[in-house]
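# Residue-level structural notes
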Amino acid sequence: MKKISLRNKIVLSIVLFGTIWLNATAQSDDIDISLSGDLVSSYVWRGLRQTGASVQPALGATYKSFSLESWASTDLSNKNFKEVDFTASYATKGFRIALTDYWWDGEGAANYFGGKSKNGNDSGHMLEGTLNYTFTEKFPLTLSWNTFFIGKGNKKENGKNSYSTFVEASYPFKVKNMDIELAIGVTPWESVIYQTEKFSATQIKLHVSKTIQITDKFSVPIFGNIIFNPDKGNEDVNFVFGITIN
């Protein structure tokens, strides 16, 4: 019998817990189900461009302080990029703690539950722990610490875990009918995932969004991100335009 790795046991546990939790709370008026999708001109994650134009659906369920979310991205070109993530989180008094399973081996990998990838991209699942804190409504600064702690794609050449970490500070505000957010993200040490050799800023982002009213009953949220990556080895700039449907 094929042995199930610790990583896949955790993934299966998240899925099983989510199924049981949804079944237990399905009849409650306190549960909130959300479904949305973004169409973006390119997919840029934490300062690193992943692929071109993509569709990115999201499905979530929240019950009191607990949330389960799924998010995915599939490119619209012929590059066969595909990512599927699942997140379980708990939020209280400004704090949020989360566990995310990332899987981005791509279209045709056929190894979601283990085994060797058929398309040659064989990083498998990677698990990340997150701790966020948002100060107050009057001062909505959010600080976020994100560390990958399990995953083949996070290993150095010597086989040791690089514990790739992304630390971000973000601050939202409004200008007339525009919602704006400024964010700065850094990697505090060497990282395989973020391709840095030491402490480095990998993302300076300006996010702007607004809602365009089409009719009295129909509107379309749009957004734009200008994203700079000032890291010496990954220096880049991207301007991403997106449309949200929810």
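Structural notes, computed from the coordinates. What you are looking at is a predicted structure, and each value in this text was computed from that prediction instead of being measured.

### Examining the overall build of the protein
Across its full length, the protein carries one helix and 14 strands. Counting all 246 residues of the protein, 39% fall into the buried class. Pairs at least 24 residues apart make up 43% of the contacts formed inside the protein by residues separated by at least 6 positions. Accessible surface for the protein amounts to roughly 14600 Å². Of this, 61% is attributable to carbon and sulfur atoms.

### Overview of the pattern of salt bridges
In total, this model carries four salt bridges according to the counting rule given. Put simply, Glu128 and Arg46 hold a salt bridge, and the shortest N to O gap is 2.7 Å. Note that Glu128 is positioned in strand β8 (residues 125-134) and Arg46 in the loop between β2 (43-45) and β3 (48-51), a separation of 82 residues in sequence. Classification of Glu128 by relative accessible area gives buried; the value is 1%. Taking the relative accessible area as the measure of exposure, Arg46 reaches 13% and is therefore buried. Of the charged contacts, one joins Arg96 and Glu69 as a salt bridge, the two residues approaching to 3.6 Å between their closest N and O atoms. Of this pair, Arg96 sits in strand β7 (residues 95-103) while Glu69 sits in strand β5 (residues 66-75), placing them 27 residues apart in sequence.

### What to know about the pairing of strand β1 (residues 31-40)
Summarising the sheet, β1 and strand β4 (residues 54-63) pair through 10 bridges and their orientation is antiparallel. In the sheet register, Ile33 faces β4, and the bridge partner there is Ala61. Relative to strand β14 (residues 236-245), β1 is paired through four bridges, and the arrangement is antiparallel. Residue Asp38 lies in a different strand from β14, and its bridge partner there is Thr244.

### Describing the side chain of Thr196
Relative to the assigned elements, Thr196 resides in the loop between β11 (178-187) and β12 (200-213). You can call Thr196 buried: its relative accessible area is 3%. Not counting chain neighbours up to four residues away, the residues in contact with Thr196 comprise Thr187, Trp189, Glu190, Ser191, Thr202, Asp231 and Asn234.

### Regarding the sheet that holds strand β13 (residues 219-229)
The strand order around the closed barrel built from 12 strands is β1-β4-β5-β6-β7-β8-β9-β10-β11-β12-β13-β14, with neighbouring strands paired in antiparallel fashion. Strand-to-strand twist in this sheet, taken as the mean axis angle between neighbours without regard to direction, amounts to 20°. Of the pairings in the sheet, the one linking β13 to β14 comprises eight bridges and is antiparallel in character. Pairing of Phe228 across the sheet is with Val237, part of β14.

### Side note on unusual backbone geometry
Although it is not a glycine, Arg46 adopts a positive phi angle of roughly 50°. Even without glycine at this site, Lys176 takes up a positive phi of about 55°. Tracing the sequence through the fold places Lys176 in the loop between β10 (165-175) and β11. The exposed category is assigned to Lys176, whose relative accessible area is 80%.

Reading guide: rules and limits
- Residues numbered from 1 in each chain as written.
- Predicted model: local features only at pLDDT ≥ 70, side-chain atom pairs only at ≥ 80, totals over all residues.
- Heavy atoms only, no water.
- Helix = DSSP H or I, 4+ residues; strand = E, 2+ residues; numbered from the N terminus.
- Buried < 20%, exposed > 50% of the residue type's maximum accessible area, 1.4 Å probe, protein only.
- Contact = heavy atoms within 4.5 Å.
- Areas by Shrake-Rupley, 256 points an atom, 1.4 Å probe, with all protein chains shown as cover.
- Salt bridge = Lys/Arg side-chain N within 4 Å of Asp/Glu carboxyl O.
- Pairing = 2+ DSSP bridges.
- Axes fitted to C-alpha atoms, helices over the stretch in contact; angles between N-to-C directions.

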